[in-house]
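What follows is the residue order along each chain.
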2 protein chains.
Amino acid sequence: MTEQKLSDAPAAPGVARTAEPAPPSTLPGPAGPAVPGPDAVSALRPLGLDQVRLTPEGLLGDWRRRNSAETLPHCVDNLHGSGNIGNLLAAAGEGEQSFAGMWFADSDVHKTLEAALWELGTSPDDTRLAAFAADTVALLARVQGPDGYLNSYFTIAEPDARWRRPEWSHELYCAGHLIQAGVAAGRAGVQPGLLTIARRFADLLVERFGPDGVSEVCGHPEIETALAELYRLTGHRPYLDLARRFLDLRGRGLLGPGRFGPRYYQDHVPVREAREVAGHAVRQLYLLAGMTDVAVETGDLALLDAAERLWDDAFHTRTYVTGAHGAHHRDEAYGDPYELPPERAYGETCAAIASFQWNWRLLLATGRARYADEMERVLLNAIAPAVSADGRNFFYANPLQVRTGHVGSGEEATTHRLPWYSCACCPPNIARLMASLPGYLATADERGLQVHLYADASLTVPVAGRTVAVEMRTAYPWQGRVELTIDGEGSKGGARWTLALRVPGWCDAHTVSVDGARAEATVRDGYLRLTRVWTPGTRVVLDLGMPVRQVSAHPRVDAVRGCVTLARGPLVYCVEQADLPAGAVLEDVRLDPAAPITATRWADLPGIPVVLEARGVLADAGEDLYTAGAERERAGAPLTLTAVPYFLWGNRTEGPMRVWIPLATAG
Amino acid sequence: MTEQKLSDAPAAPGVARTAEPAPPSTLPGPAGPAVPGPDAVSALRPLGLDQVRLTPEGLLGDWRRRNSAETLPHCVDNLHGSGNIGNLLAAAGEGEQSFAGMWFADSDVHKTLEAALWELGTSPDDTRLAAFAADTVALLARVQGPDGYLNSYFTIAEPDARWRRPEWSHELYCAGHLIQAGVAAGRAGVQPGLLTIARRFADLLVERFGPDGVSEVCGHPEIETALAELYRLTGHRPYLDLARRFLDLRGRGLLGPGRFGPRYYQDHVPVREAREVAGHAVRQLYLLAGMTDVAVETGDLALLDAAERLWDDAFHTRTYVTGAHGAHHRDEAYGDPYELPPERAYGETCAAIASFQWNWRLLLATGRARYADEMERVLLNAIAPAVSADGRNFFYANPLQVRTGHVGSGEEATTHRLPWYSCACCPPNIARLMASLPGYLATADERGLQVHLYADASLTVPVAGRTVAVEMRTAYPWQGRVELTIDGEGSKGGARWTLALRVPGWCDAHTVSVDGARAEATVRDGYLRLTRVWTPGTRVVLDLGMPVRQVSAHPRVDAVRGCVTLARGPLVYCVEQADLPAGAVLEDVRLDPAAPITATRWADLPGIPVVLEARGVLADAGEDLYTAGAERERAGAPLTLTAVPYFLWGNRTEGPMRVWIPLATAG
């Protein structure tokens, strides 16, 4: 995939680099994540969750259906089974006074609750989910202390340690997830009592950590974006001010060196001065989401610049081809520039989700297509792989290579998806993202409609004060054809506005037609823009060329030298042992770079709509581990290589897999 | 370096594959590590420490001098400064009742004491060292309980947990190092009171863990080899039986799964059934040393076969080109087969030392040259790099690549040597190895003298009951010429015996002369054997050809595809930023594989006697992290590449370094 350089990307029309607010959207209804406040620096305005309906026939719609039908109930069951709910009951004085699981286990409850509230915002009839939400909010109300404090671990297990261990306690991290659930309650219009709980806790935080309080930050960022979101919902400025204060206090050594040094929790340099992403990837990416939120809400363009500068570093030197982040297992951290080993990729699922959320914020702030490109890449190639086809098993780490003879060590290094983890941050995180997914597809304002992610969906959106109905029919990402039918009030009476369709960075050739006639429309800043007076029933067809691509990495990525990965459209492919001839060792497979690669649609492989077929060869190099001389590999038996979408790997049998395929060398 | 396949290596004459003991050595004097007992299966018999004198002019002699003059006193100072001695004083009831450092901190005292005793065995006049030894042994005597127990952590910090946490307590690990120090006391004839202390503890272990006691093993192997060594010294069979019992109990799930699973501490499979090395590398290698010791002392050839089978796995699929072991930081563990990333190599110094010790045991047992080859490789390329030129700074992990922009995280991932570590296992381990180094150079018996490691040294060895004096003059490893002058009683009176000189696996061409006349001597199983009637003053000159070699790895080692490392003689070389032109980025350097590479002797670089010079080029590939298409690299400016011995890296300025150099591709 081609990354655009910052210097190559001109500011797009509509990119607000001044504090001028963009026009607000006007339709009522449940709002989604990260809705900018009325005064925010924001190039784009998000839609409400009820304004985009994903049809279950499409890939994203089916995934969201599976999330609702399988993943979310599975999370609820496991919160009970793993003791998370029991911890809260104990903290409410209603159960056995013992604590189970990680000390930040409350956050998994909060994330699952957030998912349930997004879901209930558009599907209020799910009675089981409604009961979970009602019960859990009532329980949280009973746990909350008179001062607003709410954390089961520091209530029952270590009450004397409350607020005493900012490096490791995750107290503000858990508070942040509670607040995000409260914001979801407010935006979805479900269980408003949770918003009250969240505000009571947030008010305590303002009192304790505000300008008249202690100067401390949390070892695990999350509170910053949560407080900014709470400000957006409530308009209560002290929440935003506290979020900014947490950002400004960071990087001043308040957390101490810790086990892995201050970079681990981004405390090594003030956020405005950072030149590179560092440390624990999830922490870094949540922090960047908070930076972006605070920047746009306060009009602090220097802070936004700092965030975009870190984007350049992360995406030009430290991101896997799947969009995954984090090379190191030991500290779940970013490695050095270009240190991206596929076989020991950490690529934590939560980091991919955090990247998606952060890129969404940057997209809203700037309107730059590179952020939407990245949302697509990470969603389909780093978040989607983490969920099994049945929606009830998950990866925590997402390697790009599994070797013959691989043996995992510990939960974080399995090569099959597990139903739950002792540190179960990822499954509920997936649940909340997918529950709110409709909010991320498109944006709209006075000027028109902008489509960022393609999916089979129906949109009912406010454009210049009038409702436009859009039927988007597509088999994307399996096919590059996207058909949009424009209807509704906004297509009548001489309404003139711009339909902006993202042309992904990976796409070299596209065509567009309007009512069957090829339209001339140039791509500006990554979006094809059709500005016209619309009439009801106008049919726009965008055809994105999807030839198979061989993608190579910068040669400084030593770990994949001499290799390519196969991609088609937005999808990265991989080779699995399951598709090799008997006896072939995956590590010996080489790709013939000159031979054609064909995409075979609707193949026989169950659940894998499009596979790629290429010509390869098995290499032979003897048994010695090291030998004198530069050349030793000999070409052996030819074979036909079958590649499957990476996000579907490991759904058939467990076994070796690799994304990067070595090229056959001469001989 | 060429690895010999097991199937290629015929059993050498003198390789004892039956229980027939080899002839014992006869000269008295301090013995070194791993001296086989009189009934052991043993192809070779080690020399006493006083029978080999390394001259300080040579590389190994200078290193041992530095170890004695700098490293060992530095360790003693740090044992005081870091609280290790304080812990023991507290346990003796003589100091503040608090514990400092890791719970296994006693082991660092024991290893330093072992080093001091080896050193005092040949240098009894070192009064400062003698005082340390005397004081420490007296202190240990005061700490030891009436039942023989000796462990400061479980005496003062957690007395109730004694013997309660076999997975993590390291109690038997610490006992093992105490016993090894006791064995050194006995063999060196210094501080015999320590042997008494060690035996008292060992007797307690026999009582507690013997056939009538509990069935437990220690999470960190070490006790097995220690008890076997104590048996060798004392002849007390219950020690050997307990060592065997610990081996036989392993792999039966007694330790529980633990954080990283049972493979981490080699408890996943019975030792006799293991087919591959696994888990924490130091634990695996110490366990293998114990397996080999018990195998040869009990005549258990099946157990010896099991150890050699694991050698094949380790050295054909999981060993770095430097001889380092352990790819993973998180669990300090072996990776999958061929998973050997240079940039994230763990390569713990202690694992390299353990490998050296284990290969020595296999060499003695079998006489196979591959074990001596490996001792040389790991000593010069994985242990030597861990010590700074001043002998007072150390690496814990030994990466083969440091990138531009690298930032370390935590003590175990520094790119400069540190004076001490919070887990300071490595520095005292180096000290004890180097203090006993003379014992590893050669072996001798009725049949003759076998020289395994070349160094400037004087040997006085017993051959067939008569003393042979050998002056070995060489600038090895900088030059391949080794001159040996044979003298002494064993060179007179028609004495006929065989001088066996190892021809390293890396050496393709050698010549040998006797008194100036080229001698015809074939190499059999890695040793050139000169059998003759000797006369006083006979001069044997072995010339080992040392052309520069480009060494490549098996292509399954994806991480170094398209790269070679430069080697000359036994030394692996690397390129450091310090030798690049200003502005050149090390990751962009390519080697021209066709151009000649020259070895420049006695170069201007201080402390680096031989550098290599090659022709290279700087590659240019733009800034995009991923691009469509398989080819993108363009050749840029040519440059002269300078490579320095890897073991000397990081002694000038801190900066990028790499062992594996990508080859220039066409264009």
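Residues numbered from 1 in each chain as written. Chains lettered and ligands numbered in written order. Predicted model: local features only at pLDDT ≥ 70, side-chain atom pairs only at ≥ 80, totals over all residues. Heavy atoms only, no water.

Draft legend 1. Inspection of helix H9 (residues 237-249) of chain B at higher detail. Residues and elements named next belong to chain B. Counted at 1.5 Å a residue, the expected span for H9 with its 13 residues is 18 Å, and the 18 Å between its end C-alpha atoms agrees. Those residues of H9 that fall on the buried side of the exposure criterion are Tyr239, Leu240, Leu242, Ala243, Arg245, Phe246, Leu247 and Leu249. Where H9 is buried, its residues contact helix H6 (171-188), helix H7 (192-209), helix H8 (223-234), helix H10 (281-298) and helix H11 (301-317). (Helix = DSSP H or I, 4+ residues; strand = E, 2+ residues; numbered from the N terminus. Expected span 1.5 Å × (residues − 1). Buried < 20%, exposed > 50% of the residue type's maximum accessible area, 1.4 Å probe, protein only. Contact = heavy atoms within 4.5 Å.)

Draft legend 2. Quick look at the relation of the copies chain A and chain B. When chain A is brought onto chain B, the operation consists of a screw motion whose angular component is 180° and whose axial shift is 0.0 Å, with 0.0 Å RMSD remaining. These values place the two chain copies in the arrangement generated by a two-fold rotation axis. An overlap of 100% is found between the interface residues of chain A and their copies at the interface of chain B, pointing to a shared contact surface. (Least-squares fit on C-alpha atoms with pLDDT ≥ 70 in both.)

Draft legend 3. Region of the structure containing the domain arrangement of chain A. All names here are of chain A. Assigned domains within chain A: domain 1 (33-440), domain 2 (444-544) and domain 3 (549-662). Look at where the C-alpha atoms of domain 1 and domain 2 centre, and you get two points 32 Å apart. Facing 24 residues of domain 1, the contacting portion of domain 2 comprises 26 residues. Overall, the association of domain 1 and domain 2 removes approximately 1,900 Å² of surface from exposure, summing both partners, and the carbon and sulfur fraction of that is 57%. Linking domain 1 with domain 2 are two salt bridges. Across the salt bridge formed by Arg502 and Glu376, the nearest N and O atoms sit 2.6 Å from each other. Elements with a minimum of two residues in the side of domain 1 that touches domain 2: strand S1 (52-54), helix H1 (59-81), helix H12 (349-366) and helix H13 (369-383). No other element matches the six residues that H13 contributes to the side of domain 1 that touches domain 2. Across the side of domain 1 that touches domain 2, the residue classes tally to 14 nonpolar, four polar and six charged. (Domains from an automatic or database assignment. Buried area = accessible area lost by both parts, 1.4 Å probe. Salt bridge = Lys/Arg side-chain N within 4 Å of Asp/Glu carboxyl O. Nonpolar A, V, L, I, M, F, W, Y, C, P; charged D, E, K, R; others polar.)

Draft legend 4. Spatial organisation of the side chain of Lys111(B). Residue and element names in this part refer to chain B. Note on placement: Lys111 falls in helix H3 (residues 106-122). No salt bridge is formed by the buried Lys111; its nearest oppositely charged neighbour, Asp108, is found at 4.3 Å. Reaching out from Lys111, the side chain makes a polar contact with the backbone oxygen of Cys425 at a distance of 2.9 Å. (Lys, Arg positive; Asp, Glu negative; His and termini not counted. Polar contact = N/O pair within 3.5 Å; in protein donor to acceptor, adjacent residues only side chain to side chain.)

Draft legend 5. Representation of the packing of aromatic side chains in the model. Residues and elements named next belong to chain A. Counted under the stated rule, the structure contains 48 aromatic pairs over all chains. Note on Trp311 and Tyr371: the rings are 5.2 Å apart at their centroids and 90° apart in plane angle, and the pair reads as edge-to-face. In this pair, Trp311 is assigned in helix H11 (residues 301-317) and Tyr371 in helix H13, connecting sequence segments 60 residues apart. Taken individually, Trp311 and Tyr371 each receive the classification buried, so the pair is uniform in this respect. Aromatic pair Tyr396 and Tyr421: ring centres 5.4 Å apart, planes at 55°, arrangement tilted. Here the residue Tyr396 occupies a position in the loop between H13 and strand S2 (401-402), and Tyr421 occupies one in the loop between S2 and helix H14 (426-435), the gap between them amounting to 25 residues. By the ring-pair criterion, three or more aromatic residues cluster together here, those being Tyr149, Trp163, Phe201, Phe209 and Phe246. Over the ring of Tyr149 we find Arg162; its NZ or CZ atom is 3.6 Å from the centre of that ring. (Phe/Tyr/Trp six-rings, centres within 6.5 Å; stacked < 30°, edge-to-face > 60°. Lys NZ or Arg CZ within 6 Å of the ring centre and 35° of its normal.)

Draft legend 6. Focus on the side chain of Asn87(B). For Asn87(B), the location among the structural elements is in helix H2 (residues 84-91). You can call Asn87(B) buried: its relative accessible area is 1%.

Draft legend 7. Expanded view of the interface of chain A and chain B. With 72 residues of chain A in contact, the opposing surface of chain B contributes 72 residues. Looking only at chain A, the three residues that lose the most surface to chain B are Arg330(A), Leu625(A) and Tyr626(A), adding up to 15% of its buried area. Linking chain A with chain B are six salt bridges. Between Asp558(A) and Arg403(B) there is a salt bridge; the shortest N-O distance is 2.9 Å. Relative to strand S20 (residues 626-628) of chain B, strand S14 (residues 548-553) of chain A runs antiparallel, the two sharing three bridges. Pairing of Ala553(A) across the sheet is with Tyr626(B), part of S20(B). (Pairing = 2+ DSSP bridges.)

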